[in-house]
Amino acid sequence: MKIESTESENRIGGADTPIIFPQGIPGFEDDRAFRLFHQQADALVGYLESVDNPDLVLSVLAPESLNIFYEFTLSDEEQALLELERPEDVVLLVVAYRQERGDNRPGGAVNASFMAPLVINAERRLGLQKLLYNAERRITIQAS
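Here the structure is a predicted model, which means the values were calculated and not measured.

What counts as what
- Residues numbered from 1 in each chain as written.
- Predicted model: local features only at pLDDT ≥ 70, side-chain atom pairs only at ≥ 80, totals over all residues.
- Heavy atoms only, no water.
- Pairing = 2+ DSSP bridges.
- Helix = DSSP H or I, 4+ residues; strand = E, 2+ residues; numbered from the N terminus.
- Salt bridge = Lys/Arg side-chain N within 4 Å of Asp/Glu carboxyl O.
- Buried < 20%, exposed > 50% of the residue type's maximum accessible area, 1.4 Å probe, protein only.

J.: Where do I start with the pairing of strand 4 (residues 45-50) in this structure?
T.: Across a regular strand the side chains alternate sides, sitting on one face of the sheet and then on the other. Where strand 3 (residues 33-37) meets strand 4, four bridges bridge the pair, whose relative direction is antiparallel. Residue pairing for strand 4: Arg35 is matched across the bridge by Glu49. Pairing geometry for strand 4 and strand 5 (residues 57-61), over five bridges, is antiparallel. Looking at the pairing, Glu49 lines up with Val57 of strand 5.

Take a look at the structure:
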């Protein structure tokens, strides 16, 4: 199934119902159920909190909020894992993280895992992390 990201605008509602990652998220395979929440309704950054390990919280954001859009194909296995019937049910998120400075001073660069977006079926609340190997990257600058 071909997936093209569009502006999702919080299509994943209800922090009470967890999003299940049947295979876990690489690096956190033991944590499979996460709640998605925002500290403020209009916040750019959201948080995925592990249901079983509240100390595990991942910062996430919608790539389109940074004008980054995806086009890729899910395998039949990935589509089955997500119980995905319609591409419009997909919401993409990227995990953001702080790259700490080596000199022990506060701060550091904020990065995001753009080559491994989280693919979520918003209707079924099932997700996976899609590793995009050898992906073609294009940059389009649009001026109005």
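J.: Mind showing me how you'd approach the pattern of salt bridges here?
T.: Tallying each qualifying case throughout the model produces four salt bridges. The partner of Lys130 in a salt bridge is Glu78, with the nearest N and O atoms 2.9 Å apart. Of this pair, Lys130 sits in the segment after strand 10 (126-129) while Glu78 sits in helix 1 (residues 76-81), and the two are 52 residues apart along the sequence. The partner of Arg86 in a salt bridge is Asp89, with the nearest N and O atoms 2.6 Å apart. Judged by its relative accessible area of 39%, Arg86 is partly exposed. Judged by its relative accessible area of 10%, Asp89 is buried.

Everything listed here is a matter of geometry and, on its own, says nothing about what the molecule does.
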